[in-house]
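Coordinate analysis (summary)
Read off the chains here:
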Amino acid sequence: MSKYQQRGDYHFQLYKTKGDTYRNHVLDVMAKVEQFMPPCCAVYDIGAGEGLFTCLLIEAGYSASGCEIDGHAVELAAGRALPIEQVSFEEAPEIEFGGIMFLDSLEHVDDFVAVLEKAKRMTDLLFIAIPDRHDPHATVQVTKQQIIDEFEGWKVLHDETRHARHFMIFEKVLERTEEDGFNRFESVEPDEVEDQTW
């Protein structure tokens with residue numbers, strides 16, 4: 001029995017709980033997405049679960065979709081009319097996106113290096129969150145350093161460890177001048193990002 005059969009749309013329920021650690025994590029991630037990627041961009045949520053982040057991204061003005069292998073989670077997402085397909089990322093077609101998100105999902109794939117290589121062919125911007133300790137349900141143990149090692153030639157836009165997770169944002173370094181649009185994201189200092197009310 002999957003965790004979604006047992007617990008239903010538990011990510012949505014945790015998110016509704018004021019002061020919950022998971023809710024704070026979600027708010028942090030959404031603030032950073034809005035800081036580094038303009039609305040209307042296409043975002044792909046890998047291991048989207050029942051669709052909490054996909055839902056919040058759509059509400060914030062992004063063209064968001066996702067993939068998830070758990071059929072019960074996909075059914076829950078469909079109940080909210082969220083565009084989440086039941087397919088693994090490895091089997092999903094290679095389509096360009098403005099950003100790709102691996103939020104507590106990278107540790108559940110068999111070959112995270114191959115998965116990151118595919119993701120880097122599909123986007124110039126990656127949002128990654130992993131547990132800062134071993135997840136007993138994880139397929140592989142992925143460390144922060146292993147992920148950083150896979151992004152040689154990319155720029156680290158954000159790197160922090162809080163709420164029992166590492167959260168990192170990587171942008172592909174392109175050989176373009178500012179006039180060509182290299183600085184396509186408006187820089188906002190973290191203390192200027194206001195707390196969101198959901």
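An account of the accompanying structure is given in this report. Note that this is a predicted model, so its numbers are computed, not measured. (Residues numbered from 1 in each chain as written. Predicted model: local features only at pLDDT ≥ 70, side-chain atom pairs only at ≥ 80, totals over all residues. Heavy atoms only, no water.)

Thoughts on unusual backbone geometry
Excluding glycine, a negative phi dihedral is what most residues carry, and trans is how most peptide bonds are arranged. The phi dihedral of A81 falls on the positive side, at around 60°, and the residue is not glycine. If you trace the backbone, A81 turns up in the loop between α5 (71-79) and β3 (84-86). The backbone of D104 sits at a positive phi, close to 60°, despite the residue not being glycine. Its location among the elements puts D104 in the loop between β4 (99-103) and α6 (112-122). (Helix = DSSP H or I, 4+ residues; strand = E, 2+ residues; numbered from the N terminus.)

Thoughts on empty space enclosed by the protein
Applying the stated rule across the entire model yields 2 cavities of 30 Å³ or more. Here the largest cavity defines a volume of roughly 60 Å³. Taken together, E107, I130, P131, R133, H134, D135, A138, V140, Q141 and V142 make up the lining of the largest cavity. Of the residues that constitute the lining of the largest cavity, the class distribution is 5 nonpolar, 2 polar and 3 charged. Its volume calculated, the second largest cavity comes out at about 50 Å³. (1 Å grid on protein atoms, 1.4 Å probe; cavity = no way out; pocket = protein on both sides within 12 Å on 5 of 7 lines; lining within 4 Å. Points joined across faces, edges and corners; volume = space filled by probe spheres on them. Nonpolar A, V, L, I, M, F, W, Y, C, P; charged D, E, K, R; others polar.)

Structural notes on the packing of helix α3 (residues 21-36) against helix α4 (residues 52-59)
Relative to each other, α3 and α4 sit at 45°, their axes nearing to 11 Å. The pairing of α3 with α4 is recorded here as oblique in orientation. When the axes of α3 and α4 are compared, the crossing they make is right-handed. Residues Y22, V26, V29, M30 and V33 of α3 pack against L52, F53, L56 and L57 of α4. Split by residue class, the contact of α3 with α4 holds 9 nonpolar, no polar and no charged. (Axes fitted to C-alpha atoms, helices over the stretch in contact; angles between N-to-C directions. Parallel < 35°, antiparallel > 145°, perpendicular 65-115°, else oblique. Left-handed = near helix turned anticlockwise from the far one by under 90°. Contact = heavy atoms within 4.5 Å.)

That's the geometry; what it means functionally is another story.
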